Amino acid sequence: MIELDAVAEALADGAALIGSDGVILWSSARLGSLAGRRVETIWPGLDLREGEQRVTLRGDLPASLTLRRAGGGWALVARELAAWEGEPRARPGARQPDVDRVLGTIFRNALRASGDELETEERLHEVARVLAAEGGRLIRDADCVIALVESGRPGVIHVAGAAGPWASTLLGRHLPLAGSFVQRSMTAQRAIETTHAQEETVNRDLLVGGDIRSMRLVPVIASQRLPDGRTALGTIGFYSRSARPFTPRQRTLIDGFASLVGLSLQRAALLHAVRQTARRLEAAIQLAADISATLDEREVVRRMLDRLLETVAAERAALMRIDGEETVVEDSRDVLGLPDVIGFRQPVAMQPLMTEALAGQRPVVGGAYDRSILPPQLQRALSGVRHTLTVPLVLGGQVIAVVVLSRRRDVVFGEDEVATVQLVGNLAALALRNSWLYAEARAASRIKSDFLNMAAHELRTPLTVVTGYMSLLREGSFGPAPPDWRHPVETLDAKAAELARLVEDLLLAARLDTGGLPVHRERLDLAAAARAAVARAQARAALLGADLAFEGAAELPVEADHDYLDRILDNLINNALTYSRGTAWVRVRVVERPDGPAVEVEDRGRGIPAAQADHIFERFYRIDQAGSPQQPGTGLGLYISRELALRQEARLWLDWSQPGEGTRFVLGFPEASS
């Protein structure tokens, strides 16, 4: 009986022999001493029939009892369920183990492990560890291993969950996928079982080390395709040191458990994908906020490279501008502080990874670039680089630049990182193009300002000579002028004065562009300045037969530059007189507006078409109206007036205009300090 007891204990959690009259003839040590007792006193409700029934053992432990005919009596095998069912709940008289409830409990545990929060980076692996522990309790005397094939590493198995003395030694390891049972199970998309595990796998040494003989692997298949394209996530395997095959009941439990594992891991993987998408969007938003704060080309590049380094945990980032068939190094960032060779040129064709990225207009993951063809400084900077990500910045179907991200540590750039960089790269391309356009516009503006300055100075010298001789002619320094000269001399004098104003406008516009115009603010009376401007324009108004008048406050203090204020008012009044219809009507009012003192200059002239209203303060802009004669001028008056207003903390704007009815401009000041 000692040998029988040892065999029984090896096969199950307990065993017994029952006579045809229901009296227990023998029981194993696991069940205790039951010989001579009747079955119904030990397990009330147990039917003496073949099959499996649910009962409770000592201590109210749930168990499954299987009865088979043995001679004239019965052989009974018991298996405890508490290890995988949770807290014992006696259900005397139940005839079938509640497998659905057991698996439901496991699934709830997995849900608690995966959680709804997105902060934990290793949430998927945490779920795998919890599920493996549940699997270890589900099938006694077998180790449970959950092996996953991670996104971006298709040739590697990651042991993400493990339960059991042997399996625990594998937790966290990365093993080759090729030739393994995991690959065979995933490829066939079905369970694989063998009692000759050591002889049939490429991982023989691992199995021999754990004395593993039998195994059953079930593929973990997602019910829907994950964002990275995967459906087969890996396998769940049960490994036994026994050479016996798994029982039908164990296979049912393993296969049902694998379905729950698939659901749990799919949920965790989807949460992980959501987190990665959120991180990509966050990185894009942060980059957009960073680079939109400046249009300086160098600052845009610096911020872009810093953000890319941070986003994908790279160790080096370099930006190359595309110039024909060559790349030109614009800037680089390196966590070790190693510099680049700014301005270094290299043919695209000399670097295969660069060629592939530009040809496909898509990111390329690869190894290190060929350093042998680079200058010594770059060779030192790129020493130790093992992995690169080459990202073309594409705008309007054209590659305008390339970013190369590098890692010295042995971590390949994954699909999520590639997608993140690609999203950020799209924004970076637009920002980079805008910064280049802005730099070109500033350069063009400087050239234009330099030309204006030079042209004005060059015109001033001959103009001084002309006006000097005109003055001598008027004064009769060369003798009495013939009467017929009077009108031509007056005409030449007027045109010389007009040219002098043009030269002054050009010089002032150039100085405004370069910032070389000082401002001298002082406390003065806005009403007095406006009355004086009206008085200066009365002579011209009289020649035109215009109705020009001042209205408003007797005194209104402001802080302004006296010369600039006079020039602004003169420009506004002269424009009102110039662009009149019939008999000109102009009113200059000094008023107290809710936002401060202001001068309003209103006319009943031609008005400004709505389509042109947004451009009237631009340099050299002239209003072109069909049927109206073109007036002489440079198109600088309103531009200069607004710039002068801004420099003394005032504002000049078009308050109202209607073609054929008139226009009103307003020059507003902040309240003067007391």
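A. Layout of the overall build of the protein. Secondary structure assignment for the protein yields 17 helices and 24 strands. Here the protein holds 674 residues, and the buried ones make up 45% of them. Partitioning the contacts of the protein with sequence separation of at least 6, the portion at a separation of at least 24 is 57%. Accessible surface, the protein: about 33000 Å² in total, of which carbon and sulfur atoms supply 54%.

B. Expanded view of unusual backbone geometry. Positive phi is not limited to glycine here, since Gln189 has a value of about 55°. Residue position: Gln189 is located in the loop between α6 (181–188) and β9 (192–194).

C. Representation of α6 in the model. Among the residues of α6, those classed as buried are Phe181, Val182, Ser185 and Met186. Buried positions in α6, seen along its axis, are confined to an arc of 130° and lie on one side of it. In this structure, the buried side of α6 is in contact with β6 (142–148), β7 (156–163), β9, β10 (214–221) and β11 (232–240). Where α6 ends, the next residue or the one after it, Gln189, has phi of about 55°, a positive value.

D. Up close: the sheet that holds β10. With antiparallel pairing, 6 strands are arranged side by side in an open sheet as β8-β7-β6-β11-β10-β9. The open sheet is flanked by β8 (174–176) and β9, the only strands paired with a single partner. Mean inter-strand twist for the sheet, computed between neighbouring axes without regard to direction, equals 25°. Summarising the sheet, β10 and β11 pair through 8 bridges and their orientation is antiparallel. What sits directly across from Val220, in β11, is Gly234.

E. Broad picture of the sheet that holds strand β23 (residues 651–658). With respect to topology, 5 strands assemble into an open sheet ordered β19-β21-β22-β24-β23, the strand pairing being mixed. Two strands lie at the open edges of the sheet, namely β19 (547–552) and β23, each paired on one side alone. Sheet twist, expressed as the mean angle between neighbouring strand axes with direction ignored, is 15°. As defined by bridge partners, strand β22 (residues 596–603) adjoins strand β24 (residues 662–668) across 6 bridges and the pair is classed as antiparallel. Within β24, the residue paired with Val599 across the bridge is Leu667. Strands in contact with helix α14 (residues 526–544) are β19, β21 (585–593) and β22; relative to β19, the strand with the most contacts, it is inclined by about 170°. Against the sheet, helix α17 (residues 637–647) engages β23 and β24, with an angle of about 135° to β23.

F. Structural context of the packing of aromatic side chains. Scanning all chains against the criterion turns up 3 aromatic pairs. Considering the side-chain rings of Phe617 and Phe665, the 6.2 Å spacing of their centres and the 90° angle between planes classify their relative orientation as edge-to-face. Highlighted residues: Phe617 in the loop between α16 (610–613) and α17 and Phe665 in strand β24, separated in sequence by 48 residues. Judged by relative accessible area, Phe617 falls into the buried class, the value being 13%. On the accessibility criterion, Phe665 (10% relative accessible area) is buried. Across the ring face of Phe413, the terminal group of Arg407 is positioned such that the distance to the ring centre comes to 4.1 Å.

G. The arrangement of the pattern of salt bridges in detail. Within this structure, the stated rule accounts for 37 salt bridges. Among the ionic pairs, Asp410 bridges to Arg386, the shortest N-O distance being 3.5 Å. With a gap of 24 residues between them, Asp410 in the loop between β17 (398–407) and α12 (415–475) and Arg386 in the loop between α11 (376–381) and β16 (387–395) connect regions that are remote in the sequence. The class for Asp410 is partly exposed, based on a relative accessible area of 48%. Residue class for Arg386 comes out partly exposed when judged on its relative accessible area of 45%. In this structure, Glu559 engages Arg521 in a salt bridge whose closest nitrogen and oxygen atoms are separated by 3.7 Å. In this pair, Glu559 is assigned in strand β20 (residues 557–560) and Arg521 in the loop between α13 (486–514) and β18 (522–525), connecting sequence segments 38 residues apart. Assessed through its relative accessible area of 34%, Arg521 is described here as partly exposed. A network of salt bridges, in which partner residues are shared, links Asp547, Glu551, Arg587, Arg589, Arg593, Glu600, Glu602, Asp655 and Arg664.

H. Summary view of the confidence of the model for the protein. Residues at a pLDDT of 70 or more form 83% of the protein, whose mean pLDDT is 81. Note on residues 83–97: pLDDT under 50 across the span, and 36 contacts to partners over four residues away in sequence or across chains. Here residues 114–122 scores under 50 on pLDDT; set against residues more than four positions off or in separate chains, the count is 16 contacts.

I. Representation of the packing of α14 against helix α15 (residues 562–578) within the structure. Between α14 and α15, whose axes approach to 9 Å, the crossing angle comes to 35°. Crossing of α14 against α15: the hand is right-handed. Within the contact between the two elements, α14 uses Leu526, Ala529, Ala530, Ala533, Val534, Arg536, Ala537, Arg540, Ala541 and Leu544 and α15 uses Leu565, Asp566, Leu569, Asp570, Ile573, Asn574, Leu577 and Thr578.

J. Just a nonpolar patch on the surface, in detail. On the surface, Val465, Tyr469, Leu472 and Phe478 cluster together into a nonpolar patch covering about 400 Å² of accessible area. Of note, Leu472 is situated in helix α12.

K. Representation of α14 in the model. If you check α14, its first and last C-alpha atoms are 26 Å apart, about what 19 residues at 1.5 Å a residue would give, namely 27 Å. At Gln538, α14 shows its largest kink, close to 45°. Among all positions of α14, only Leu526, Ala527, Ala529, Ala530, Ala533, Val534, Ala537 and Ala541 are buried. Looking at the buried residues of α14, the elements they touch are β18, β19, β20, α15, β21 and β22. Its side-chain oxygen 3.0 Å from the backbone nitrogen of Ala527, Asp525 forms the N-cap of α14. Positive backbone phi, at 70°, marks Gly545, one or two positions downstream of α14.

Each value, and the rule that gives it
- Residues numbered from 1 in each chain as written.
- Predicted model: local features only at pLDDT ≥ 70, side-chain atom pairs only at ≥ 80, totals over all residues.
- Heavy atoms only, no water.
- Helix = DSSP H or I, 4+ residues; strand = E, 2+ residues; numbered from the N terminus.
- Buried < 20%, exposed > 50% of the residue type's maximum accessible area, 1.4 Å probe, protein only.
- Contact = heavy atoms within 4.5 Å.
- Areas by Shrake-Rupley, 256 points an atom, 1.4 Å probe, with all protein chains shown as cover.
- Arc of directions from axis to C-beta.
- Pairing = 2+ DSSP bridges.
- Axes fitted to C-alpha atoms, helices over the stretch in contact; angles between N-to-C directions.
- Phe/Tyr/Trp six-rings, centres within 6.5 Å; stacked < 30°, edge-to-face > 60°.
- Lys NZ or Arg CZ within 6 Å of the ring centre and 35° of its normal.
- Salt bridge = Lys/Arg side-chain N within 4 Å of Asp/Glu carboxyl O.
- pLDDT = per-residue confidence, 0-100.
- Left-handed = near helix turned anticlockwise from the far one by under 90°.
- Patch = residues over 30% accessible without salt bridge, like charges linked within 9 Å, V, L, I, M, F, W, Y side chains within 5 Å.
- Expected span 1.5 Å × (residues − 1).
- Bend = angle between axes of the 7 residues up to and from the residue.
- Polar contact = N/O pair within 3.5 Å; in protein donor to acceptor, adjacent residues only side chain to side chain.

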